[in-house]
Amino acid sequence: MVRLDKKATRLYVLDTNVLIHDPAALYHFDEHDVVIPMTVLEELDKHKNGIREIARTARQISRTLSDLTSQVTFDEIQKGIPIPRISGESGRLHFLCYNDLKPFDSLDDSPDNRILAETCRLRDERPDASVILITKDINLRVKAAALKVPVEDYLNDRAFSDSDAMIEGAQVYASAGQDGASLWEALNVEVTVERVGHHTFYQLSGNMPRHWHVGMLVSDSENGAEFEAIVRELSPSSARLQLLTNYRHHAGVWGVHAHDSRQNFTLNLLMDPEIDLVTIAGNAGTGKTFMTLAAAFQQTLDAKRFERIVFTRAPIPMGEDIGFLPGTEEEKMSPWMGAFHDNMDNLLRNEEGESSWDNGATRQLIGSRVQIRSPSFMRGRTLNDTFLIIDEAQNFTPKQLKSLVTRAGRNTKIVCLGNVGQIDTPYLTANTCGMAAVVERFRDWPHAGHITLKSVERSRLALAAEELL
């Protein structure tokens, strides 16, 4: 992004991809004016036909613009249509149309180049204002900078300011004898312990850390922790922590045991009936899918808390698409379900190393409770008594992931798995993807929990490839 010295009066020229990415972008520029070139309206018109998400979004934008223009006269449109903003400030919407637009001599006549030419023309006509092009197209931003056209990325869609800012969901303090302050030395609070039913609670009084939030893990060590608790209630001067169940040894989940504090916290979130939404981030090999499936089968087949498990993921290829697939919905989704089948093979492996996943009776029993569904056909459904697993959540846009999360009905638990470092969807980044949006929006909701796993159990080859390639 080019550094700009902005004037008090600003005109933001919106590219088509900004409106497609966020149909409400018009309302996110405070008191400043928004300009939509005629080229953008032409591109929206080309995208409006069809049933794809981009077509629905283009029609939504057209309806918004129609509502804004329907109550004003032609003279008011020329002066600028008032745009009501949530902040109370009211900017204006302008349409940019030039009958005698002169294109750049050295560039082809393309929509991007016409938008650049329209922005330059407006900049020359309005020396009193800062005219800034807003686009999510990186190549267009580079071209604009080379042509000395003020340009910026659209930042309002970011869940946080940089890719490293996504919360980890855990605060691990140093153990006694290690560098750094231990848990109780760092907190410096008064503690009251009480037992309620089968649970132990710690009531803390004093100045609470600002970075704490409801639903986070507080531990005194990554491995072999003596104190592990979840923050249930929090205020600036007090907090209520609940001790976690230890799933490391005897009390496993469907035969699965935790290896460190973060994995133990993950199993607690997955088994907690008070937590309706769980987001688990981490690199490959950290056990996200493995632990989630174990918790799902424990609560569906053994505890009978749920009636079914629904497994879905974004069918986004890492490389070239292999084209259309034959068969039913489950057969079409089968190539995308390698992670599910691999983990089922490991979950059903006995002490002798033999797996019963290939057994027909076992597959029939599991298949009666497990549904593999495409996210394309989830709209309009209401899932009751369901353990819903959304794999590769980082490849969904915030709007798509919202459509899946809102499918939750009575007695439904949703688990989102993902790694923001492996995004295969164009135009999504680590701080604009659906995974980042869900983590940030639900961070203070008492019935949601998030954890970033770090321990990796991988082969020497995989670890070497991670470091060397």
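See above for the structure.
Given the structure is predicted, the values throughout are model-derived calculations rather than measurements.

Remarks on the side chain of Asn113
Structurally, Asn113 is set in helix 5 (residues 111-125). A polar atom in the side chain of Asn113 sits 2.7 Å from the side chain of Lys143. Non-local contacts of Asn113, meaning those with residues more than four positions away in its chain, are made with Phe104, Leu107, Asp108 and Lys143.

Some words on helix 3 (residues 53-70)
The terminal C-alpha atoms of helix 3, which comprises 18 residues, lie 26 Å apart, in line with the 26 Å expected from a rise of 1.5 Å per residue. Looking only at helix 3, the buried set comprises Ala55, Thr57, Ala58, Ile61, Thr64, Leu65 and Leu68. Tucked inside the fold, the buried residues of helix 3 contact helix 1 (16-21), strand 2 (33-37), helix 2 (38-47), strand 3 (81-84), strand 4 (90-96) and helix 13 (398-405).

A closer look at unusual backbone geometry
Of note, Asp30 is a non-glycine position whose phi angle comes to about 50°, a positive value. Position of Asp30 relative to the elements: it lies in the loop between helix 1 and strand 2. Asp30 gets classed as partly exposed once you look at its relative accessible area, which sits at 44%. Although it is not a glycine, Asp385 sits at a positive phi angle of roughly 50°. If you trace the backbone, Asp385 turns up in the loop between strand 15 (370-372) and strand 16 (386-391). Note on Asp385: relative accessible area 12%, which makes it buried.

Re the sheet that holds strand 17 (residues 413-418)
One open sheet holds the six strands; their spatial order is 15-14-16-17-13-18, and the pairing between them is parallel. What marks the edges here is a single partner per strand, and that holds for strand 15 and strand 18 (448-453). Between one strand and the next, the sheet's axes are offset by a mean angle of 15°, whatever the strand orientation. Pairing analysis gives four bridges linking strand 16 to strand 17, with the strands arranged parallel. Paired with Ile389 across the bridge in strand 17 is Val415. Against the sheet, helix 8 (residues 261-271) contacts strand 13 (277-282), strand 16, strand 17 and strand 18, and its axis sits at roughly 155° relative to strand 18. Running at roughly 125° to strand 13, helix 14 (residues 434-441) makes contact with strand 13, strand 17 and strand 18 of the sheet.

Conventions we followed
Residues numbered from 1 in each chain as written. Predicted model: local features only at pLDDT ≥ 70, side-chain atom pairs only at ≥ 80, totals over all residues. Heavy atoms only, no water. Helix = DSSP H or I, 4+ residues; strand = E, 2+ residues; numbered from the N terminus. Polar contact = N/O pair within 3.5 Å; in protein donor to acceptor, adjacent residues only side chain to side chain. Contact = heavy atoms within 4.5 Å. Expected span 1.5 Å × (residues − 1). Buried < 20%, exposed > 50% of the residue type's maximum accessible area, 1.4 Å probe, protein only. Pairing = 2+ DSSP bridges. Axes fitted to C-alpha atoms, helices over the stretch in contact; angles between N-to-C directions.

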